[in-house]
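Each chain, letter by letter, is given below.
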Amino acid sequence: MKKVLKVLGILLGVIILVIALVATYNQFAPIPSYEVNAPDLKVEPDSTRLARGAKIVGTTCTFCHSGQSDKLDGKLLEDDPAFGTIYTANITQHPEHGIGKYTDGELLYLFRTGIKRNGQLAMPMMSRLPHISDEDIYSIIAYLRSDAPELKASEQAWPEPKLGFVGKALSRLVFKPLPYEGQSIPPQDTQNLVVYGKYLATDMLECYNCHSASFETNNVLEPEKSAGYFGGGNKIEMKGKGLIYSPNITMHKEKGIGAWTEAQFVEAVKNRKRPNGASLNPIMPDYSKLSDQEIKAIWAYLQTVPVLDNDVFLIASGEAK
């Protein structure tokens, strides 16, 4: 019996030592970096690209990157002891503190993979755009190079993310760059409302990212495989915006938006008003730049999404089973 206890004690000691070594490595080893294989690219701006880029940046980037000034020079996004202190980037044209030194190819590579020009992986809060068309990527780049006032060089400098223990572990084990081998992605058929609506809701605006079950279980490469796809319940908290659970926006008549009309959906997305007159939560990005036709396309696509019986109110109140 004593021999068995002795062996068990040795095994327990070994396990504790291994855990301690792993924890020490996680705490002090550098965060992984990756090779940058940016393509040779030079985007030629024109009025169409600049207008399209302004719309995409305004609906996907501005919400997180707008700082205290009138420029897109970033802000504190998260300050959590376990995960870390995270700032959104200064994406003005400043050569040191912004994206002034990025080539067009490096910007495309960042948007496709999440890898910055220094080889570090952008925090997962930043949108990855593996499926949007090349032309939409070019439009974003053209706009970021434009003379728009919000993109003029800002001196605002933010420190690199200061990750806590959990953030470091996730950066080693979970957060990985997306694959990119230079594949070309053609423009979408804007006349097919269901197809174009899917493109907007999943690939460009990433509506599913907030409106599915959890950021942790979302599938960037195959959004439809995300848990609770468009069924809501995702716990979302942003500094200064409060805590909410994202709504179910499948076509469930009582627990989703199945009782809404198309016109009511357009009003909600564009002017932030629910059918009952209440305002949408301010945590939702500003989509007023979208055209009625684009919002109707999203509505058309949502009609095809499997309906989920997910009562977000019960989740938020802790009563869900």
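Further up the page is the structure itself.
What you see is a predicted model, and the numbers here were worked out from it, not measured in a lab. (Residues numbered from 1 in each chain as written. Predicted model: local features only at pLDDT ≥ 70, side-chain atom pairs only at ≥ 80, totals over all residues. Heavy atoms only, no water.)

Trainee: Help me get a handle on the overall build of the chain, residues and values and all.
Mentor: Secondary structure summary: the chain contains 11 helices and five strands in total. Relative to its 321 residues, the chain shows a buried fraction of 42%. For the chain, long-range pairs separated by at least 24 residues make up 62% of all intrachain contacts whose partners lie at least 6 apart in sequence. By element, 58% of the accessible surface of the chain is carried by carbon and sulfur atoms, the whole surface being about 17,300 Å². (Helix = DSSP H or I, 4+ residues; strand = E, 2+ residues; numbered from the N terminus. Buried < 20%, exposed > 50% of the residue type's maximum accessible area, 1.4 Å probe, protein only. Contact = heavy atoms within 4.5 Å. Areas by Shrake-Rupley, 256 points an atom, 1.4 Å probe, with all protein chains shown as cover.)

Trainee: Account for the pattern of salt bridges, with residues named and values stated.
Mentor: Scanning the entire structure with this criterion turns up 13 salt bridges. Put simply, R112 and D134 hold a salt bridge, and the shortest N to O gap is 2.8 Å. Residue R112 is found in helix 4 (residues 104–113), and its partner D134 is found in helix 5 (residues 134–144); the two are separated by 22 residues along the sequence. In terms of burial, R112 and D134 fall into one category: buried. Linking K255 and D309 is a salt bridge whose minimum nitrogen-to-oxygen distance equals 2.6 Å. Of the two residues, K255 sits in the loop between strand 5 (242–245) and helix 9 (262–271) while D309 sits in the loop between helix 10 (292–302) and helix 11 (312–317), which places them 54 residues apart along the sequence. Residue K255 is classed as partly exposed on the basis of its relative accessible area of 32%. The class of D309 is exposed, set by a relative accessible area of 54%. (Salt bridge = Lys/Arg side-chain N within 4 Å of Asp/Glu carboxyl O.)

Trainee: Tell me about helix 6 (residues 165–173), and name the residues and values.
Mentor: Because an α-helix packs 3.6 residues into every turn, residues spaced three or four apart end up facing the same way. For helix 6, the set of buried residues is G167, K168, S171 and R172. End-on, the buried residues of helix 6 take up no more than an arc of 135 degrees, which puts them together on one face. (Arc of directions from axis to C-beta.)

Trainee: Explain the packing of helix 4 against helix 5 to me, using residue names and the numbers behind them.
Mentor: Helix 5 packs onto helix 4 with a crossing angle of 125 degrees between their chain directions and a minimal axis gap of 10 Å. The angle between helix 4 and helix 5 places the two elements in the oblique class. The chirality of how helix 4 crosses helix 5 is right-handed. For the pair helix 4 and helix 5, the contacting residues are D104, L107, L108, F111 and R112 in the first and D134, I137, Y138, I140, I141 and L144 in the second. Among the residues forming the contact of helix 4 with helix 5, the class breakdown is eight nonpolar, no polar and three charged. (Axes fitted to C-alpha atoms, helices over the stretch in contact; angles between N-to-C directions. Parallel < 35°, antiparallel > 145°, perpendicular 65-115°, else oblique. Left-handed = near helix turned anticlockwise from the far one by under 90°. Nonpolar A, V, L, I, M, F, W, Y, C, P; charged D, E, K, R; others polar.)

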